[in-house]
Amino acid sequence: MRLCAALTALSLLASCTTTYAIPKPELTRLDGFRDENAALMRELGDVMLNRVTDRKRTVRDVEGQAHQFTSDTPLALVSAQADTEFQRFIEVGVDGDHFRGVPLEGSTSSAAAPPVVVSLSEVDHARLREFSLGKTLLLTGTIGVALMGSLVMVSKLFKPTTGSEGDRPGGVIDLGPTPRLTF
């Protein structure tokens, strides 16, 4: 049972994600993105107070497919030399020369993390990672069905037992005669 729980937890942690290549000109669509309340989770309050929220931007990948960018969307900048790691940003500014992003990790309710500043001349393109709930559920379900199927197959290998005494219903494993102590 622990093995089943460990495999399920592993599959959920790994989760199915898809990474999309975002062309460099699309990064300008992220200019002005700001989600100060991402760490505080106050979106419901903003909706109830009818405040305008600028917490979602749309960018297109190299194939022209639209993707929503929020503070929960991992983004990585790719240069000719190396990739930066995927980060979530609560604030993004893009001008003609630089990409400036304030990462969500390390931010607290009182102070923001130090910004990540990258020269756009060094950036080839960006990568955006999206979580796929459907693929994750399919993977987890497949693992579960495979485990249950293997348990059923293993149970078929054992010979069914019959009750040896009338007062104990169900199967009893007969281990042979009961040993007796002799002096």
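A quick note: this is a predicted structure, and the numbers were derived from the prediction, not measured.

Caption draft 1: Here's a closer look at the overall build of the protein chain. Scanning the protein chain from N- to C-terminus turns up 3 helices and 9 strands. From first element to last, N terminus to C terminus, the protein chain shows the α and β order α-β-β-α-β-β-β-β-β-β-β-α. The buried share of the protein chain, taken over its 183 residues, is 28%. Considering only intrachain contacts with a sequence separation of at least 6, the fraction spanning at least 24 residues in the protein chain is 55%. A total of about 13,000 Å² of accessible surface is found on the protein chain, and carbon and sulfur atoms cover 59% of it.

Caption draft 2: Focus on the pairing of strand β6 (residues 89–94). The pairing of strand β2 (residues 33–34) with β6 spans 2 bridges and is antiparallel. Its bridge partner being in β6, Arg34 is matched across the sheet by Glu91. For β6 and strand β7 (residues 98–103), the ladder comprises 5 bridges, and the chain directions are antiparallel. Looking at β7, one finds that Glu91 is bridged to Val102. The antiparallel pairing of β6 with β7 creates a hairpin that spans 3 residues between the two strands.

Caption draft 3: Structural detail: the sheet that holds β7. Strand order in the open sheet made by the 4 strands is β2-β6-β7-β8, with antiparallel pairing throughout. Strand pairing shows two members of the sheet lacking a second neighbour, β2 and β8 (116–119), which therefore form its edges.

Caption draft 4: Up close: helix α3 (residues 133–157). Over its 25 residues, α3 extends 36 Å from the first C-alpha to the last, a length consistent with the 36 Å expected when each residue adds 1.5 Å. By the burial criterion, the buried members of α3 are Thr136, Thr140 and Leu147.

Criteria and thresholds
- Residues numbered from 1 in each chain as written.
- Predicted model: local features only at pLDDT ≥ 70, side-chain atom pairs only at ≥ 80, totals over all residues.
- Heavy atoms only, no water.
- Helix = DSSP H or I, 4+ residues; strand = E, 2+ residues; numbered from the N terminus.
- Buried < 20%, exposed > 50% of the residue type's maximum accessible area, 1.4 Å probe, protein only.
- Contact = heavy atoms within 4.5 Å.
- Areas by Shrake-Rupley, 256 points an atom, 1.4 Å probe, with all protein chains shown as cover.
- Pairing = 2+ DSSP bridges.
- Expected span 1.5 Å × (residues − 1).

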